[in-house]
Structure formats: structure tokens, C-alpha cells
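# A look at the structure
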Amino acid sequence: MEYDAIVVGAGLFGLATAYHIKELRPEDEVLVLERLSGPGQGNTAKSAALFRAFFSSKTNLALADSSIEFYRHVQEELGHDLGMSFVGYLWLLTSERYEEIKPALNRLAKRGVEYQLYDREHLSRTLGLNVEVSRDEEARMMGLPDIEHGLLIVKAGCLDVDKLVRFYEKEVRERGVEIKYGVEVEELLVEPEKPLGLPGEPLIWQEAHVAGVKTTAGIFRAKKTILATGAWTPTLLDPIGIECHIKAKKRQIFSIKAEGGELKKLLRAEGYNPENCMPVIILPKPSIYIRPVLEEEAFWMGYADEFPREFKVEDEPAPEPQFYEYGIYQVIVKYLPQFKGARPYASWAGQYAYCTLDYQPLVFEEHDVMVVSGGSGSGVMKADAVGRIAAALYAGEEYAELYGGEKFKVSDLGVEERRVEPETLVL
Ligand SMILES: Cc1cc2nc3c(=O)[nH]c(=O)nc-3n(C[C@H](O)[C@H](O)[C@H](O)COP(=O)(O)OP(=O)(O)OC[C@H]3O[C@@H](n4cnc5c(N)ncnc54)[C@H](O)[C@@H]3O)c2cc1C
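What counts as what
- Residues numbered from 1 in each chain as written.
- Predicted model: local features only at pLDDT ≥ 70, side-chain atom pairs only at ≥ 80, totals over all residues.
- Heavy atoms only, no water.
- Helix = DSSP H or I, 4+ residues; strand = E, 2+ residues; numbered from the N terminus.
- Expected span 1.5 Å × (residues − 1).
- Buried < 20%, exposed > 50% of the residue type's maximum accessible area, 1.4 Å probe, protein only.
- Contact = heavy atoms within 4.5 Å.
- Polar contact = N/O pair within 3.5 Å; in protein donor to acceptor, adjacent residues only side chain to side chain.
- 1 Å grid on protein atoms, 1.4 Å probe; cavity = no way out; pocket = protein on both sides within 12 Å on 5 of 7 lines; lining within 4 Å.
- Points joined across faces, edges and corners; volume = space filled by probe spheres on them.
- Axes fitted to C-alpha atoms, helices over the stretch in contact; angles between N-to-C directions.
- Parallel < 35°, antiparallel > 145°, perpendicular 65-115°, else oblique.
- Nonpolar A, V, L, I, M, F, W, Y, C, P; charged D, E, K, R; others polar.
- Near = heavy atom within 4 Å.
- Areas by Shrake-Rupley, 256 points an atom, 1.4 Å probe, with all protein chains shown as cover.
- Phe/Tyr/Trp six-rings, centres within 6.5 Å; stacked < 30°, edge-to-face > 60°.
- Lys NZ or Arg CZ within 6 Å of the ring centre and 35° of its normal.

Another aspect to go through is helix H7 (residues 161–174). For H7, built from 14 residues, the straight-helix expectation of 20 Å at 1.5 Å per residue is met to within 8% by its first-to-last C-alpha distance of 20 Å. Residues Val161, Leu164, Val165, Phe167, Tyr168, Glu169, Glu171 and Val172 constitute the buried set of H7. Those residues of H7 that are buried lie in contact with helix H1 (12–24), helix H2 (43–46), helix H3 (58–76), strand S8 (178–181) and helix H11 (383–394). The backbone nitrogen of Asp162 has a side-chain oxygen 3.1 Å away, supplied by the residue at the start of H7, namely Asp160. Gly176, located one to two residues past H7, shows a positive phi value of around 90°.

This is how it looks when you write it as C-alpha cells:
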């Protein structure tokens, strides 16, 4: 049997793609293959599941804002709880950084994007934040800057990524998509467009294409093979000479219980959002993030370190205790002394699938194989839009319609005619 589409990978990108393909082409036979035993167990499961509709780049804003609005619609109008809560992002800024981003903030304000500014006195009173770290000799030695402003991004927060995965999985099953778990794609099946039965086909004078996949459960054929394989994408494309511009980098999260009066008070800090809890806090430099996790009475902390962190595809990357101990912890206690002595009770590591072109998602097709990857650390908040763009490419449409009606040119996320605006509001 030949499927119309085989989607490899049941992470958020793969499931959102399968869902939107069935929205556009309900009659098409779609198969999803996933080597793990359930949906969303790859890097999707490792995510901090933060979202923000606050980007200077029109591309980023369109992808994130429309996806967030879709998730809100799913939760509020369709009644599927996604654990979505708009706790906000509180981005702590030095005076220099504030001056740098001011023009972008003014532009966003004109477009009606909501944010709020707090002064250092407010931050220190409501969060117990040490805004003047430079008084501390150790902090000065570490190069930690003083905080001048807090920028609260209102349309931002976190969700329960497992619930979002389950939503898409249920919907694709109901639309007749077949899903096989525990099936690993070992290689892509490359064949001549017109096979002649000659040994060694495809020969150099034959037009060749990807005709499906060779897996641990046999061969599956498809008109279109769609790789939503995140960080693992190059392992399938390098062997057939397709450059996918995706590279994997380890990312870690450490979970700290809100034990003791001071940490509990911080977790329940009032006045920043309707939940009356601490917003997601992003420190100035290094830009460590701290997410409140109310259901666990805990905080999650992470930091996306760059140089000299290696690019390397790993199936089960391990968190590094010293990354917390000598890195994150040392910085956190300078700004938020409430964390003094706090040790993680859980930690895990996953990988960002970076699109090395510009750190924004990538959707393109070559020789009947499509790539839907490059979440670059913000794939959860953009997954619905990426799924729509991938489905539009599959269906041969020039434009995808994002949730809310905005049209998005499919080739803008491709390779050859790529057109994405660079991002200046990098946290
Ligand atoms: C630590 C961490 C924190 C993050 N935090 C955020 C955040 O706060 N906000 C946000 O928006 N994004 C975040 N992200 C990114 C986000 O999780 C991803 O961009 C998003 O989930 C999309 O993932 P994906 O579907 O592309 O990849 P994955 O979820 O990794 O899915 C790819 C799937 O393909 C399968 N697969 C791979 N190779 C094969 C094969 N050969 N055969 C069969 N199956 C295969 C894998 O098993 C996997 O399930 C974070 C990521 C990490 C690692």
C-alpha cells in the first residue's frame, strides 16, 4: 500500500502537521511513525512549555501569536484543558539593554502588543529581588549586571505540553490518521521515478526521489515523506546528501521545590497576573529563566548556553549537576537570595533542534521528502502555525492560513526563498 503522506515523528511538529494535513485533505491516507512508545516523548516532553506573543520579528510574531490564540481557543472554546496559564514573562533589564530594545518596544506598543514596565524599587519589594548586585564583590567578579527595569510581557505564560500533545493525537486519530509507535525509520527509501529494474538503481541518469521509509517494521511507501524528526533530522538526510540546516544542542532544566517561607512567598508573588503567582522571570545576563510550576509547588530553571556547548545529536542527553551547582545556582542566589542552599529535586536534559540559518522554524521539500523542524527552543509556542504551513506545502498551496485568518507565504520558511525577519527581542 502507498500512503499519501508518512509523517516521521510524533512530537508536536509531527502531530500538528498530520492534523492540518487532514484539515486540508480529509481523504488523504496519512501514517505517523514514531520510534518511541507514545506521542510527544522526544524533545517535546523535555520542554519548559513557555510561550510568549512578544517578538520584534514579524515572522516570529505571526507564528507564535496565531498558535497561542489557537491553543487558547482549544482550551476556552473547545473545552480541552491544556493547562494554559497567562502568568506573563518578566524580563529583567539593565539600563543599556532597555535603551537597546526601546525602539522595538515602541513599535510593538503601536501594534497594540501589551506590556508593562516596573522600576527596580517595585521589583525588589514584590519579589525580594536584589537589583544592585554590583555591591557584592563576588557578583562583580562574575560580571553580573545591575537591574534597572522589569518588562512584563502580558500575553505569555506556560502550558502543559503533554495535554497539548494528547489533544493533537486524539484529533488526528479521530480524523483517520494511522499511528504506529515503536517503529524506527532506519533510512529513507530512494528510488528512480521510473524504475527499470536495473541493478544499482537509481543510476545517475535517472530522476530519483524519496518513495517512503525503511523501518524496523518493514518498508512503508508514500507519495510524500515528511520528516518531523526534530534534532534527529540530519541523521536521516545526511546519508542521502540533503542539507537540512538543523543542528542539535543539549538543553537542561532543574526543578527546585518551593520549600520554606521565602520561596513560597516568591512563588505566590502577587500583582503580576490573574493567577497571582510569580511570572516567568528572565535574568539579564546570563539570561537564566525561572518558571513557576504551581501544581508541583516548584520552580523550573534553565539556561540556553552557547559557546562552547557542542552541537551533537544525542538520544538521551544527561543533565549535568555542575551546570546547576557552579553555573545557574551561583547566579540565581545573587539576584534572588531566597534560593540560598536550594538544590534540585529533579532535572532532565533534551535538545533544541536549531535551524542554523536564523533560529526560526524550517519547512521545505526536496525530492518528495519534506522537512518540518528547527523549533530552535520555541517550537511549542509555534507548533500550530508550523503545522499549518507544512500542510499547505504538502497540499501545494502558496499561502497557509494561520489561526485567526492571517496568510503566511509558505516559501518564507523554506530554504531557497526564505524570508524571515531577524529577531531583536532575544531573551
Ligand atoms: C529543554 C527544552 C526546553 C524547551 N522549552 C521550550 C519552551 O519553553 N517553549 C517552546 O516553545 N519550546 C521549547 N522547547 C522546544 C520544543 O520542545 C520543540 O521545539 C517542540 O516540542 C517541537 O518539537 P519537535 O516535534 O520538532 O521534536 P520532537 O518532540 O523531538 O519530535 C521528534 C520525534 O521524532 C522521533 N524520531 C526521530 N527520529 C526518528 C526515526 N528515525 N524514526 C521514528 N521516529 C523518529 C523522535 O522520537 C521524536 O518523538 C524546548 C526544548 C527543550 C529540549
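Alright, that's what it looks like, and here's the rest.
The next point concerns the layout of surface pockets. Put simply, the second largest pocket is a space of about 360 Å³. Around the second largest pocket, the lining is made up of 24 residues, and of these Leu159, Asp160, Arg291, Val293 and Glu295 lie nearest the centre. For the lining of the second largest pocket, the secondary-structure elements that each account for two or more residues are H2, H7 and strand S14 (289–293).

With respect to the helices and strands, Glu366 occurs in strand S17 (residues 362–366). For Glu366, a relative accessible area of 32% corresponds to the partly exposed category. Along the backbone, Glu366 and Val210 are 156 residues apart, and their C-alpha atoms lie at a distance of 8.8 Å.

Across the interface, H3 lies against H7 with an axial gap of 12 Å and an inter-helix angle of 80°. By the angle class used here, H3 and H7 are roughly perpendicular. Across from Phe70, Tyr71 and Val74 in H3, the residues of H7 making contact are Leu164, Phe167 and Tyr168. Broken down by class, the residue content of the contact of H3 with H7 amounts to 6 nonpolar, no polar and no charged.

This paragraph deals with the site of the ligand. Taken together, 35 residues sit near the ligand, with Glu34, Thr44, Leu50, Val185 and Met381 positioned nearest. Contact distances for the ligand include 2.9 Å between an oxygen atom and a backbone N or O atom of Leu50. Protein contact buries 97% of the 1,000 Å² of open area that the ligand shows by itself. Secondary-structure elements contributing two or more residues to the shell around the ligand are H1, H2, strand S12 (246–257) and strand S16 (346–355). Counted by class, the shell around the ligand contains 16 nonpolar, 14 polar and 5 charged residues.

Take the packing of aromatic side chains next. As enumerated under the stated definition, the model contains 18 aromatic pairs in all. Between Phe70 and Tyr403, the ring centres sit 5.5 Å apart and the planes meet at 65°, which makes this aromatic pair edge-to-face. Of this pair, Phe70 sits in helix H3 while Tyr403 is found in the loop between strand S19 (399–401) and strand S20 (407–409), placing the two residues 333 residues apart along the sequence. Measuring from centroid to centroid gives 5.3 Å for Phe167 and Tyr168, while their planes differ by 65°, and the two rings are edge-to-face. Accessibility expressed as a relative area gives 4% for Phe167, which makes it buried. Relative accessible area serves as the criterion here: at 0%, Tyr168 is assigned to the buried category. Taking the ring centre of Phe311 as reference, the NZ or CZ of Lys249 above it sits at 4.7 Å. If you follow Arg291 out to its NZ or CZ, it ends over the ring of Trp300, 4.6 Å from the centre.

Glancing now at the environment of Ala53. Residue placement: Ala53 occurs in the loop between strand S3 (50–52) and H3. Judged by relative accessible area, Ala53 falls into the buried class, the value being 4%. Residues Ala53 and Met381, 328 residues apart in the sequence, show an inter-C-alpha distance of 8.5 Å. Excluding residues that lie within four positions of it along the chain, Ala53 makes contacts with Leu61, Asp65, Ile68, Val113 and Lys155.

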